[in-house]
Amino acid sequence: MKQKKLSVFMMSAAAALVLAACGEGEESSDSGSGEGGDSEGLQTNIVTIATGGASGPYNIIGTTLADTYSKTYDINSRTQTTGASVENVNLIKEDKIEMAFTMSDVVSQAVEGTEGFEEPTDKISQIAALYPNYVQIVTTADSGIETFEDLRGKRIAVGDQNSGVEVNARTLLEGHGITYDDIEVDYLGYAEAADGLRAGQIDAAFLTSGLPNASLLELSQSLDIRMVSIDPADVEKIAEDKSYFVALEIPADTYGNEEAIPTAAIMNALIVKSDMSDDDVYKLTKTFFENLDTLENSHQAASDISLEAAQEGLVAPLHPGAERYYSEQ
């Protein structure tokens, strides 16, 4: 009788072990599908977006985008204020950030290894072409500066040193036969340049950004300013070598100007690290375009971003994750 009870006990124990083993196998399978493979999540836990100065459209739009990523994927996404395009490209090359807003001219130079970049890089991929950055050259009404050529001999703020603003300011000056030896150069960001004009410490400033530039808008409300135009024919001539330049107009009444201001413009680019996973970049791209209304509410420059034009004028290889998203549309 004891032997029979022992046999039944051993059979029950064996069955329990089998069931436990099955249960463990099922739990392991569930964990494996969830770890880094959650269809709603990201493999990365951090998405740092390099932008530009605190008052610029890059930072305003980027902050909204980072907040959207954080809420959508429960990750740590934040912006990093920087000197903008050149610094942003270098931060990606150094694996210090995941994503960045940049001007296309700087990205083109980095990919090709020209200008300030000693060798080509394959660490940069593009998600989308964004909105145009308008070259906004501002002076005071009593400065005596009426044309681009009048900048010669003046004290000019050209943006933060090695920023995208400074790169295209130097290019446009040289395209008009003006070098840094012909002017007094001040390396000032948006807010500092506006303060310099208000204090009479500089004669003119380049503030290249989307419209409107917050620092310039504020300046226009407290100072009698004049916008300096760039002849479309001159832009077209410069674009023969620098194809990223296009001739556009700053619309009338943007800064109290009665007429539209002809100028040069450069498309902005949203770039990522090339080695980010295809799945993550697919989701980041998808979320970006599904929240364009939110981005536009943060800054009107985002109203010029569209899915239809996102692949026009790409200056870096399109990331496979972004390419997958576009192919589904």
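About the thresholds
Residues numbered from 1 in each chain as written. Predicted model: local features only at pLDDT ≥ 70, side-chain atom pairs only at ≥ 80, totals over all residues. Heavy atoms only, no water. Phe/Tyr/Trp six-rings, centres within 6.5 Å; stacked < 30°, edge-to-face > 60°. Lys NZ or Arg CZ within 6 Å of the ring centre and 35° of its normal. Buried < 20%, exposed > 50% of the residue type's maximum accessible area, 1.4 Å probe, protein only. Helix = DSSP H or I, 4+ residues; strand = E, 2+ residues; numbered from the N terminus. Pairing = 2+ DSSP bridges. Core = buried A, V, L, I, M, F, W, Y, C linked by side-chain atoms within 4.5 Å. Contact = heavy atoms within 4.5 Å. Salt bridge = Lys/Arg side-chain N within 4 Å of Asp/Glu carboxyl O.

A. Focus on the packing of aromatic side chains. Inspection of every chain in the model, using the stated rule, returns 8 aromatic pairs. Three or more aromatic residues joined by ring pairs form one cluster here, namely Y282, F288, F289, Y325 and Y326. Between the NZ or CZ atom of R324 and the centre of the ring of Y282, over which it lies, the distance is 3.8 Å.

B. Region of the structure containing the pairing of strand 5 (residues 137-140). Covered by surrounding structure in strand 5 are I137 and T139 together with V138 and T140, the residues of both alternating faces. As paired strands, strand 5 and strand 8 (residues 204-206) are joined by 3 bridges and run antiparallel to one another. Each residue of the ladder has a partner; that of T139, found in strand 8, is A204. One ladder, built from 4 bridges, connects strand 5 with strand 9 (residues 225-228); its direction is antiparallel. Paired with V138 across the bridge in strand 9 is M227.

C. Structural context of the nonpolar core. Core analysis: the largest hydrophobic core is formed by 77 residues, its most contacted members being Y69, F206 and F288. Residue contributions to this core peak at 6 residues, all from helix 2 (residues 57-73). Once you skip the residues sitting within four places of it in the chain, Y69 turns out to touch V47, I49, D74, I75, S77, M99, L284, T287 and F288. Among the nonpolar cores identified, the runner-up in size contains 16 residues, and A100, A110, I124 and V167 belong to it.

D. Looking closely at the pattern of salt bridges. What the rule picks out here adds up to 13 salt bridges. For D275, the salt bridge identified is with K273, shortest N-O distance 3.9 Å. Judged by its relative accessible area of 56%, D275 falls in the exposed class. Among the charged side chains, a salt-bridge network with shared partners connects D279, K283, R324 and E328.

E. The arrangement of unusual backbone geometry in detail. For the bond from L211 to P212, the omega torsion is -10 degrees, close enough to zero to count as cis. You can see P212 is positioned in the loop between strand 8 and helix 7 (214-220). Even without glycine at this site, A84 takes up a positive phi of about 85 degrees. Assignment of secondary structure puts A84 in the loop between strand 2 (76-80) and helix 3 (85-93).

Note that all results are geometric; they support no functional claim without further evidence.
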